[in-house]
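For reference, the chains in residue letters:
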Amino acid sequence: MSDRKALLVEDDDRVISSFDLALTSLGHHWDRVTNQADAQERLSQEHFDYVLLDIDIPARPNCSTVMSEYAINLLSWIHRNCADTSRVIAITEEAEPVTLTLTLVHKSVDAFLTLPLADGALAGAVDAVVERNGVVDRSPFIADGHRAGQWLTVTQSARMLMDVVSGLSIEKARSRVSVAASRGEFTTNGENRSDRRIEPDSFNTWRLEQRERDLASSEQAP
């Protein structure tokens with residue numbers, strides 16, 4: 001994965017070293033901007049193979065206000081002006097609202113990275129959306145290497161659930177997925193037990209709703 005160029009849109013100096021190490025290890029060139037206006041200017045002037053986009057950024061230089069709205073506006077601009085040349089990998093925190101995550105998917109984000117960066121996470125996202133077979137798949141990257149349209153096993157779905165809901169063992173996650181599947185809370189192929197397969201788009205919506213529910217429960221606990 002060499003001879004690639006990335007634009008990092010990130011205003012937080014504290015996380016730059018992690019991206020520097022990961023991108024240098026991949027052999028990728030990269031530049032950094034801190035806000036929406038500078039990102040649009042750089043993308044207008046230069047070709048970047050992919051954009052690493054923090055979803056909370058300022059609108060312009062020397063502005064202390066950061067909002068997801070500005071990242072979403074930048075995504076819309078990229079979709080209009082750079083969709084055929086630049087992929088977008090969103091940088092998120094562990095507990096983003098489900099509505100925001102779904103908005104990012106609808107805005108054609110190709111992959112998600114969660115801070116702090118896990119070992120190999122950046123390389124995996126870049127491989128999934130930029131490098132694999134030299135062909136870019138524009139369908140949303142959900143998690144664990146799976147894209148919209150690929151059917152998931154119960155175990156794969158359980159591991160994805162564990163990524164967003166804390167405190168689950170693989171057994172508890174599998175049970176939670178299986179019960180929800182039996183109740184029709186997301187789309188499946190109708191099979192039972194080991195033959196069951198789960199449609200990823202509807203599962204991802206359910207998975208993010210579970211994260212919101214668990215976060216709300218933890219906030220209400222004494």
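The model shown is predicted, which means the values in this text are computed figures rather than measured ones.

Quick notes on the rules
- Residues numbered from 1 in each chain as written.
- Predicted model: local features only at pLDDT ≥ 70, side-chain atom pairs only at ≥ 80, totals over all residues.
- Heavy atoms only, no water.
- Helix = DSSP H or I, 4+ residues; strand = E, 2+ residues; numbered from the N terminus.
- Areas by Shrake-Rupley, 256 points an atom, 1.4 Å probe, with all protein chains shown as cover.
- Phe/Tyr/Trp six-rings, centres within 6.5 Å; stacked < 30°, edge-to-face > 60°.
- Buried < 20%, exposed > 50% of the residue type's maximum accessible area, 1.4 Å probe, protein only.
- Core = buried A, V, L, I, M, F, W, Y, C linked by side-chain atoms within 4.5 Å.
- Axes fitted to C-alpha atoms, helices over the stretch in contact; angles between N-to-C directions.
- Parallel < 35°, antiparallel > 145°, perpendicular 65-115°, else oblique.
- Left-handed = near helix turned anticlockwise from the far one by under 90°.
- Contact = heavy atoms within 4.5 Å.
- Nonpolar A, V, L, I, M, F, W, Y, C, P; charged D, E, K, R; others polar.
- Pairing = 2+ DSSP bridges.

A.B. asks: Would you mind going over the overall build of the protein with me for this structure?
C.D. replies: Looking only at helices and strands, the protein has 8 helices and 7 strands in total. On the protein, roughly 11300 Å² of surface is accessible, and the fraction owed to carbon and sulfur atoms is 45%.

A.B. asks: What is the right way to look at the packing of aromatic side chains in this model?
C.D. replies: Each aromatic ring pair is summarised here by two numbers: the centre-to-centre distance and the angle between the ring planes. Taken as a whole and judged by the stated rule, the model has 3 aromatic pairs. Centroid distance F186 to F203: 5.4 Å. Interplanar angle 85°. Geometry classified as edge-to-face. With F186 in the loop between α7 (170-182) and α8 (200-220) and F203 in helix α8, this pair connects stretches of sequence that are 17 residues apart. By relative accessible area, F186 is classed as buried at 6%. When its relative accessible area of 0% is taken as the criterion, F203 is described as buried. On the basis of an interplanar angle of 65° and a centroid distance of 5.1 Å, the ring pair of F186 and W206 is categorised as edge-to-face. Of this pair, F186 sits in the loop between α7 and α8 while W206 sits in helix α8, placing them 20 residues apart in sequence. Assessed through its relative accessible area of 3%, W206 is described here as buried.

A.B. asks: What should I look at first to understand the nonpolar core in this one?
C.D. replies: Side chains that are nonpolar tend, in soluble globular proteins, to be buried together. By size, the foremost hydrophobic cluster in this structure holds 23 residues, and its most contacted members are V9, L43, L53, L74 and I78. Among the secondary structure elements, those contributing two or more residues to this core are β1 (5-9), α2 (36-45), β3 (50-54), α3 (68-81) and β4 (87-92). Among the elements that take part in this core, α3 stands out by supplying 7 residues, more than any other. Membership of the second largest hydrophobic core comes to 20 residues, among which are I89, L115, A125 and V130.

A.B. asks: I keep staring at the pairing of β3 and nothing clicks. Help me out?
C.D. replies: Look at any regular strand and the pattern is simple: side chains alternate between the two faces of the sheet. Along β3, 5 of the 5 residues are buried, which leaves the element largely enclosed by surrounding structure. Side chains of β3 alternate between two faces, with Y50, L52 and D54 and V51 and L53 buried alike.

A.B. asks: So what exactly am I meant to see when it comes to the packing of α2 against α3 here?
C.D. replies: When two helices pack together, their arrangement is given by the angle between their axes and by how far apart the axes lie. For the pair α2 and α3, the least separation of the axes is 10 Å and the interaxial angle reads 15°. The angle between the axes of α2 and α3 places the two elements in the roughly parallel class. Note that α2 runs across α3; the crossing there is right-handed. Across from Q36, A39, Q40, L43 and S44 in α2, the residues of α3 making contact are Y70, N73, L74, W77 and I78. Among the residues forming the contact of α2 with α3, the class breakdown is 6 nonpolar, 4 polar and no charged.

A.B. asks: Please clarify how the sheet that holds strand β2 (residues 29-33) should be interpreted in this entry.
C.D. replies: Adjacent strands of a sheet pair through backbone hydrogen bonds, lying either parallel or antiparallel. Pairing in this open sheet of 5 strands is parallel, and the strands run β2-β1-β3-β4-β5 from one edge to the other. Across the chains shown, the open sheet's two edge strands, defined by having one partner strand only, are β2 and β5 (111-114). Ignoring which end each strand starts from, the neighbouring axes of this sheet average 20° apart. Relative to β3, β1 is paired through 4 bridges, and the arrangement is parallel. Each residue of the ladder has a partner; that of V9, found in β3, is L53. With respect to the sheet, α3 is in contact with β1, β3 and β4, its orientation differing from that of β3 by roughly 160°.

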